[in-house]
Amino acid sequence: MEAGALVIIMALLVLFAFMGLGLWATVKAVGAAKRGVDRTIHQARRTVEDTTLKARSLGQVGVAGALAQLRLDLRTSMRATQQALHQGVQTDASLKESIGLFERLSAHGRELDDELKRLEQEPDRKRIADNLPDLRERVGKITQAADSLRWAARDRARRFAEDELSVLSEQIKMESGALRDWSREPVDDLAAAAAAWDATQAQGQGGGAPSEGQGQAPSADRPQALDPAAPTVRYPWQKAPRPESTT
């Protein structure tokens, strides 16, 4: 009875473990799907907003067009720098520090973008026009810093590619020269190796082993037989051995 109850308890524990594992996998899948949907929505919203800014910068004049152009320049520069750094860090780990600096710069960029977005709804256009030089200067500082990081990362990647290409070119040049060295055929190399082997064998046999007629003095260091015959032990109760023929 106790054995049956123990089996039932073990079966329930295994069942609950599988149910928990399935629930955990379901939660992870739902979370991944939700992140994917959020990412898609964010990208679609960003594309729509960028398209709207382009239309405003081209179709509107005055303060509205200037604000739209400032936001478009800021977002384009920051997005290009982010993409360049995150792609470059996959092959160059030293860009992690640059990404940290860019994250700090992105905080100022997002703050300025939100401010420009609020100013688009500001009815006092004259006040905004008075602040445009300061806004352009702030946007210029952020975009200049972002552009500097982006071009430095690209120059670094291009320099590494050029160095690797130079080394590879030298290796190919040396290999090409070796392939064109046909003064010695492979058959000659094999013949030379065979002749060297024969000479080594002949020299080894020339030393000669001692002839059969020449005796060799026994040496105490010479190894004995692996299993030498044990001496026969005779006990008092044993009979004396009989000769082979008793006539």
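Residues numbered from 1 in each chain as written. Predicted model: local features only at pLDDT ≥ 70, side-chain atom pairs only at ≥ 80, totals over all residues. Heavy atoms only, no water.

Draft legend 1. Main features of the overall build of the protein. Scanning the protein from N- to C-terminus turns up five helices and zero strands. Written out in order from the N terminus, the α and β elements of the protein read α-α-α-α-α. Counting only residues that meet the buried cut, the protein has 17% of its 247 residues in that class. Residue pairs at least 24 apart in sequence account for 65% of intrachain contacts in the protein once pairs closer than 6 positions are excluded. Working note: accessible area of the protein is about 20,100 Å², and carbon and sulfur atoms make up 59% of it. (Helix = DSSP H or I, 4+ residues; strand = E, 2+ residues; numbered from the N terminus. Buried < 20%, exposed > 50% of the residue type's maximum accessible area, 1.4 Å probe, protein only. Contact = heavy atoms within 4.5 Å. Areas by Shrake-Rupley, 256 points an atom, 1.4 Å probe, with all protein chains shown as cover.)

Draft legend 2. Molecular detail of helix H4 (residues 125–179). The end-to-end C-alpha separation of H4 is 76 Å, in line with the 81 Å expected for 55 residues at 1.5 Å each. Of all the bends in H4, the largest measures some 45° and sits at asparagine 131, one to four residues before the proline proline 133. Its buried side turned inward, H4 meets helix H2 (63–88) and helix H3 (96–119). (Expected span 1.5 Å × (residues − 1). Bend = angle between axes of the 7 residues up to and from the residue.)

Draft legend 3. Inspection of the layout of surface pockets at higher detail. Empty space within the second largest pocket amounts to approximately 170 Å³. Surrounding the second largest pocket, Ala84, Gln87, Gly88, Thr91, Asp92, Leu95, Ala153, Arg154, Arg156, Ala157 and Phe160 form its lining. Elements with a contribution of two residues or more to the lining of the second largest pocket: H2 and H4. Broken down by element, the residue count for the lining of the second largest pocket peaks at five residues, all from H4. Here the lining of the second largest pocket is composed, by residue class, of five nonpolar, three polar and three charged. (1 Å grid on protein atoms, 1.4 Å probe; cavity = no way out; pocket = protein on both sides within 12 Å on 5 of 7 lines; lining within 4 Å. Points joined across faces, edges and corners; volume = space filled by probe spheres on them. Nonpolar A, V, L, I, M, F, W, Y, C, P; charged D, E, K, R; others polar.)

Draft legend 4. Expanded view of the side chain of glutamate 120. By secondary structure assignment, the location of glutamate 120 is in the loop between H3 and H4. Beyond its immediate chain neighbours, meaning those up to four positions away, glutamate 120 contacts Leu53, Arg56, Leu67, Ala68, Arg71 and Arg125.

Draft legend 5. Broad picture of a nonpolar patch on the surface. A contiguous nonpolar patch, built from Ile8, Leu12, Leu15, Phe16 and Met19 and spanning about 510 Å² of accessible area, is present on the exposed surface. Tracing the sequence through the fold places leucine 12 in helix H1 (residues 2–59). (Patch = residues over 30% accessible without salt bridge, like charges linked within 9 Å, V, L, I, M, F, W, Y side chains within 5 Å. Salt bridge = Lys/Arg side-chain N within 4 Å of Asp/Glu carboxyl O.)

Draft legend 6. Structural context of the packing of H3 against H4. It is at 11 Å that the axes of H3 and H4 come closest, and there the two elements cross at 160°. Accordingly, the angle class assigned to the pair H3 and H4 is roughly antiparallel. The crossing of H3 and H4 is left-handed. Facing H3, whose interface residues are Ser98, Phe102, Leu105, His108, Gly109, Leu112, Glu115, Leu116 and Leu119, H4 presents Arg125, Ile128, Leu135, Arg138, Val139, Ile142, Ala145, Ala146 and Leu149. Looking at side-chain class alone, the contact of H3 with H4 contains twelve nonpolar, three polar and three charged residues. (Axes fitted to C-alpha atoms, helices over the stretch in contact; angles between N-to-C directions. Parallel < 35°, antiparallel > 145°, perpendicular 65-115°, else oblique. Left-handed = near helix turned anticlockwise from the far one by under 90°.)

Draft legend 7. Fine view of the pattern of salt bridges. In this structure the tally under the stated criterion is ten salt bridges. The partner of arginine 138 in a salt bridge is glutamate 115, with the nearest N and O atoms 3.1 Å apart. Placement of arginine 138 in helix H4 and of glutamate 115 in helix H3 is noted, with a sequence separation of 23 residues between them. Linking arginine 150 and aspartate 147 is a salt bridge whose minimum nitrogen-to-oxygen distance equals 2.7 Å.

Draft legend 8. Local environment of the nonpolar core. Ranked by size, the top nonpolar core spans 22 residues in total, and within it Leu67, Met78, Leu112, Leu116 and Leu135 carry the most contacts. Mapped onto this core, the elements with two or more residues apiece are H2, H3 and H4. Per-element accounting of this core gives the leading share, eight residues, to H4. In this view, leucine 116 contacts Leu67, Leu70, Arg71, Leu135 and Val139; residues no more than four positions away in its chain are not counted. (Core = buried A, V, L, I, M, F, W, Y, C linked by side-chain atoms within 4.5 Å.)

Draft legend 9. The arrangement of the packing of H2 against H3 in detail. Viewed as axis vectors pointing N to C, H2 and H3 meet at an angle of 160°, and their least axial separation amounts to 10 Å. Here H3 runs roughly antiparallel to H2, going by the angle between their axes. The hand of the H2/H3 crossing is left-handed. Note on element contacts: H3 touches H2 through Ser98, Ile99, Phe102, Glu103, Leu105, Ser106, Gly109, Leu112, Asp113, Leu116, Lys117 and Leu119, opposite Leu67, Leu70, Arg71, Leu74, Arg75, Met78, Thr81, Gln82, Leu85 and His86. Residue classes in the contact of H2 with H3 are distributed as eleven nonpolar, six polar and five charged.

Draft legend 10. Inspection of the environment of serine 106 at higher detail. Here serine 106 is to be found in helix H3. Take serine 106: its relative accessible area is 6%, and that puts it in the buried class. Along the backbone, serine 106 and arginine 75 are 31 residues apart, and their C-alpha atoms lie at a distance of 10.0 Å.

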